[in-house]
Amino acid sequence: MGTAHTTMSTISQLDISGQQAEIWDDAQAFIERAAASGAFVGGAEVLSFEEEYAAYCEAAHAVGVGSGTAALHLGMLAMGIGPGDEVIVPSNTFFADVEAIVACGATPVIVDIGEHDLNIDPASVAGAITPRTRAVIAVHLYGRAADLEGLRAVIGTRAIAIVEDACQAHGARLAGRRVGGLGTFAAFSFYPSKNLGGWGEGGMVTTDDADLAEAVASLRAHGERTRYLHERIGLNERLDAIQAGVLRLKLRRLDDWNRRRQAIAARYREGLAGCEAILPAESDPGDAHVYHHFILRVAERDRFRELLSADGIGTGLHYPLPLHMQPSLVHLGLAPGDLPVAQRLSGEIVSLPMYPHLSHGDVDRVCESVRRHAVGIER
Ligand SMILES: *Cc1c(COP(=O)(O)O)cnc(C)c1O
């Protein structure tokens, strides 16, 4: 290899061109048909996708919405969450969870994450429960299911709902069951970079609760069930037909693409064996981790990223600033040391290239570069 890397192609952290190529011809034909039909919002394509997605998630109902953020927001509105209520959320997640809570008029309560899985820490949740707690958002971050059993144990017999944020976990399993039907409702995002991503914005609420599904269906369309009869104050958060059609084409390939992600993760683990730096720890056999991201922990992160970048390898940060340190949330009054695990890991985690069409040769190249530089990697 030697210095040959200067002439090598770049390996991005994310590249969806392989997915594009697989569906291109079918998508083009579909979009022409859809455009000719004039059915752009809702309609048969959305209904078919909702049916197929509910079946895929082993949930009774699926309701298409405008984004993953809208799915979280409308699902909690449908539960009646509002002013005076508290919703518990892990500090290491995308900001949308907080936005959805605040959009309902409720108060976010931010808790720490577990060192071994980087997901919400049930022990930290136990210390945050008050008589006002209405729900806990279990974020299945990076494609690995959160510890719902641990959460149920700390919730006990209290009337506190578990909401799944499955925006990074399409197809993941926990103890053999798909995420999406394990809590009161689940929120999925179809943002283009997700494991199941459209050609624009989109999202889905999945649930076993028929009343909740009906409320979300009404809330996404101005609170109407009958045209111009507004039973609720809703929003305009519908899924469009073009997205539904593209997502149907991709859903047929999702299991294959997730298996490819798992094979890439296995190759990373092998190629980086001996580094203590791989997170999260491997999950139980019944828990299918679908690797939205593959995470390493490094002490000298900026230097590490520069060295990989010089080798033509892109990396990402998910996420560099924990929720409790966001400028818009200073009024919650949390100090860095209040959530020590999230605080420390937010400065150490780095996301390696991960997408289904990443070649095994490129995975080996990444491993070789990581091992050669290994700046601050624990061994
Ligand atoms: C992407 C994402 C969201 C928000 O989804 P959008 O479709 O972008 O609104 C929420 N939570 C997590 C964990 C995400 O990764």
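Scroll up to find the structure this text is about.
Each value, and the rule that gives it
- Residues numbered from 1 in each chain as written.
- Predicted model: local features only at pLDDT ≥ 70, side-chain atom pairs only at ≥ 80, totals over all residues.
- Heavy atoms only, no water.
- Helix = DSSP H or I, 4+ residues; strand = E, 2+ residues; numbered from the N terminus.
- Buried < 20%, exposed > 50% of the residue type's maximum accessible area, 1.4 Å probe, protein only.
- Contact = heavy atoms within 4.5 Å.
- Salt bridge = Lys/Arg side-chain N within 4 Å of Asp/Glu carboxyl O.
- Near = heavy atom within 4 Å.
- Polar contact = N/O pair within 3.5 Å; in protein donor to acceptor, adjacent residues only side chain to side chain.
- Areas by Shrake-Rupley, 256 points an atom, 1.4 Å probe, with all protein chains shown as cover.
- Nonpolar A, V, L, I, M, F, W, Y, C, P; charged D, E, K, R; others polar.

A. Here's a closer look at the side chain of Arg220. Structurally, Arg220 can be placed in the loop between helix 7 (210-219) and strand 10 (224-226). The buried category is assigned to Arg220, whose relative accessible area is 17%. Apart from residues no more than four positions distant in its own chain, Arg220 is found in contact with Glu50, Val63, Gly64, Val65, Leu74, Leu235, Asn236, Glu237 and Arg238.

B. Up close: the pattern of salt bridges. If you walk through the whole model with that rule in mind, you get 22 salt bridges. For Arg173, the salt bridge is made with Glu58, and the minimal N-O distance between the two is 3.3 Å. Separated by 115 residues along the polypeptide, Arg173 in strand 6 (residues 173-174) and Glu58 in the loop between helix 2 (44-57) and strand 1 (61-65) bring together distant segments of the chain. Since its relative accessible area comes to 24%, Arg173 is described here as partly exposed. Bridged by salt links that share partners, the residues Glu22, Asp26, Arg253, Asp256 and Arg260 form one connected network.

C. Just the site of the ligand, in detail. Close to the ligand lie 14 residues; Gly68, Thr69, Asp165, Ser189 and Lys194 are nearest. The side chain of Ser189 places a nitrogen or oxygen atom 2.6 Å from an oxygen atom of the ligand. Here the ligand has 380 Å² of accessible area as a free molecule, and 93% of this is covered by the chains. Classifying every residue of the shell around the ligand by side-chain character gives five nonpolar, seven polar and two charged.

D. View of the side chain of Asn258. Within the secondary structure, Asn258 is located in helix 8 (residues 241-271). Dropping the residues within four chain positions of it, Asn258 is found in contact with Tyr56, His170, Gly171, Asn195 and Val290.

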